[in-house]
Amino acid sequence: MTNSIAEIPEADFIFAIGTNTTETHPVISLFVRRALRRGATLVVADPRRTELAGLATVHLAHRAGSDLALLNGLCHVIIKEGLWNREFVAQRTEGFEALREAVAKYPPEKVEAITGINAETIRRVAREYARAEKAMILYTMGVTQHICGTANVLAIANLALLTGHIGRPGTGVNPLRGQNNVQGACDMGGLPHVLTGYQSITDPAVREKFAAAWGRPLPATPGLTVGEMFEAALAGKVRAMYIVGENPVLSDPDGKHVAEALAGLDFLVVQDIFLSETAALADVVLPAACFAEKEGTFTNTERRVQLVRKAVDPPGEALPDWQIVCRLATAMGYPMTYPDAAAIMEEIARLTPSYGGISHRRLAQGAGLQWPCPTADHPGTPYLHAERFTRGLGKFHPVEYVPPAEEPDGNYPLLLTTGRRLFQYHTGTMSRRVAGLEALLPAEWLEVNPADLAALGLTDGEEARLSSRRGSLVVRVRASTAVPPGLVFTSFHFRELAINQLTNPARDPQAKIPELKVCAVRLEKL
């Protein structure tokens, strides 16, 4: 997030696209409700009529996968009607003319044909966003999990730059991260092309700095993304895997191929707190401590680094992740020892400019620090880009709409989109062990528009077969007006309905994220 959660109520206009905030980020949704009570306008772009869409001033129920056309259409209106922030664009950005030329091809009438959103509604939303004093964009994986996910994010950035709704409180581009420490994992180099603080592995100076600290040379080329690892395993190029705190058998697309890739490995190690579906396939399972059983930090969606304190001892032989990694490294010939988690944070601060002023001692004194926090006396940064962007000028990126990799046809006439439910979490590894949550949501179903049920001769509660080009599953259908005709929805929480066996592994060419949010399916009676 460029801005802070506490700033959400300051916004006059909130544009929430590809985010089911009330179910997937319920605490953050309380801040959105606070903004609404103060009179803010809320526009929600979501193919489904979610609870958040029900709160919205305007609900843009666009066709699944058409986000980019919608975003370009909003930019088109803002430029054509002279609503862009001329001073901000002139002083703090570059590439405006290229953007103007690109979005000229997206008049509202054309965008209506692609998205299904009325042209006048597109104009209204563009005008209100541009004219607001403080406008904020919220988005999640409904934007990114597409073959054009990177382009979608760039289009969102274009919209914020065009209007100057960035670099001030109550504004900004704000992705809401899907897990409590996924931001921290990325910050610490949990990506194939960077080290800590997004320092590029291809930069010789960066490699030299880390090699000096760690006493070993570093590879100069990026590694593989998750999807590429499984492809390499199927091709026999990757022979062993070490999976930590992840359950790709249920969470990754085309799940049968994921299981096939793992089964074909010579050696699989899984480190987790429970025996997940993925851990059940492992040759060795390393038992890890959960959040309440270890010391360390989490970095949340607003870049806030917070101290985690141990409350109870881990059971049995379970250890904190860092201790397991250190023991493994030592056994493999690279002695790795730290007295405690605080010492690791000291090393992070030495090697990572954005974390340079963060220590356990400082974190213990308050509610955390938001990076960048470069020095020990720096207060942290509630919002980014106040005076300049990291690269100097903000850059407009012209991006073109591309349809989803799969669209409805005669064999697969429906679109499937997936997401989360309020009372379960991710692949259920933790939440499905909680009796109270199981009582609230013990099973999954497929949301289908009543018109589609009638056309297929299905009744509410009936079991049916759902198929994609990758396989088929038996599902229980539920009549729902939350989904429009032609779209069906379910979550990926339940092993009994392992929906990611059907989803599409087609990937964004830049970020390599798979298109989990849309694929073509067929629903039929058993």
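What you are looking at is a predicted structure, and each value in this text was computed from that prediction instead of being measured.

Attention now goes to the domain arrangement of the protein. According to the domain assignment, the protein consists of domain 1 (5-176), domain 2 (178-223 + 316-376) and domain 3 (414-525). Relative placement of domain 2 and domain 3: their C-alpha centres are 37 Å apart.

Summarising burial for strand β1 (residues 13-17): five of the five residues are buried, a large majority. When β1 meets strand β5 (residues 135-139), the two strands line up parallel, connected through five bridges. Its bridge partner being in β5, F15 is matched across the sheet by I137. With five bridges connecting them, β1 and strand β2 (residues 41-45) associate as parallel partners. Bridging from a neighbouring strand, F13 pairs with T41 of β2.

So, on to the sheet that holds strand β3 (residues 58-60). Pairing between the strands of a sheet comes from backbone hydrogen bonds, and it takes one of two forms, parallel or antiparallel. Taken together, five strands build an open sheet; the order of strands is β3-β2-β1-β5-β6 and the sheet is parallel. Sheet topology places β3 and β6 (172-175) at the edges, where each strand pairs with a single neighbour. Across the sheet, the mean angle separating the axes of adjacent strands is 15° when strand polarity is ignored. Packing against the sheet, helix α4 (residues 67-80) makes contact with β1, β2 and β3, and its axis sits at approximately 155° to β1. Of the strands in this sheet, β1, β5 and β6 touch helix α10 (residues 149-163), which is tilted by about 175° from β5.

If you walk through the whole model with that rule in mind, you get 26 salt bridges. In this structure, R470 engages E406 in a salt bridge whose closest nitrogen and oxygen atoms are separated by 2.9 Å. Taken together, the residues R470 in the loop between β18 (463-468) and β19 (471-479) and E406 in the loop between β15 (394-395) and β16 (414-419) connect sequence positions 64 residues apart. Considered together, R470 and E406 belong to a single accessibility category, that of buried residues.

With respect to the helices and strands, the residue V27 is situated in helix α2 (residues 26-37). On the basis of relative accessibility, which here comes to 57%, the residue V27 falls in the exposed class. Each C-alpha atom, one on V27 and one on A113, is 36 Å from the other, the two residues being 86 residues apart in sequence.

Checked against the element boundaries, P514 lands in the loop between β20 (487-491) and β21 (519-525). When the C-alpha atoms of P514 and Y383 are compared, they prove to be 30 Å apart, with 131 residues separating the residues in sequence. Beyond its immediate sequence surroundings of up to four residues, P514 is in contact with Q145, H146, P253, N504, P505, A506 and R507.

Our next topic: the packing of α4 against helix α6 (residues 96-103). Where α4 meets α6, the closest approach of the two axes is 9 Å, and the angle between their N-to-C directions is 110°. As far as their axial angle goes, α6 and α4 are roughly perpendicular. When the axes of α4 and α6 are compared, the crossing they make is left-handed. For the pair formed by α4 and α6, the contact residues are N72, C75, H76 and I79 on the first element and F96, L99, R100 and V103 on the second. The residue makeup of the contact of α4 with α6, split by class, is five nonpolar, two polar and one charged.

Bringing the packing of aromatic side chains into the picture now. The full count for this structure, using the stated rule, is six aromatic pairs. Centroid distance F210 to W214: 5.1 Å. Interplanar angle 65°. Geometry classified as edge-to-face. In this pair, F210 and W214 both sit in helix α12 (residues 204-214), four residues apart, roughly one turn of the helix. Put simply, the rings of W84, F96 and F396 touch in pairs and so form one group of aromatic residues. Lying across the ring of W371, R303 places its NZ or CZ 5.9 Å from the centre.

Criteria and cut-off values
Residues numbered from 1 in each chain as written. Predicted model: local features only at pLDDT ≥ 70, side-chain atom pairs only at ≥ 80, totals over all residues. Heavy atoms only, no water. Domains from an automatic or database assignment. Buried < 20%, exposed > 50% of the residue type's maximum accessible area, 1.4 Å probe, protein only. Helix = DSSP H or I, 4+ residues; strand = E, 2+ residues; numbered from the N terminus. Pairing = 2+ DSSP bridges. Axes fitted to C-alpha atoms, helices over the stretch in contact; angles between N-to-C directions. Contact = heavy atoms within 4.5 Å. Salt bridge = Lys/Arg side-chain N within 4 Å of Asp/Glu carboxyl O. Parallel < 35°, antiparallel > 145°, perpendicular 65-115°, else oblique. Left-handed = near helix turned anticlockwise from the far one by under 90°. Nonpolar A, V, L, I, M, F, W, Y, C, P; charged D, E, K, R; others polar. Phe/Tyr/Trp six-rings, centres within 6.5 Å; stacked < 30°, edge-to-face > 60°. Lys NZ or Arg CZ within 6 Å of the ring centre and 35° of its normal.

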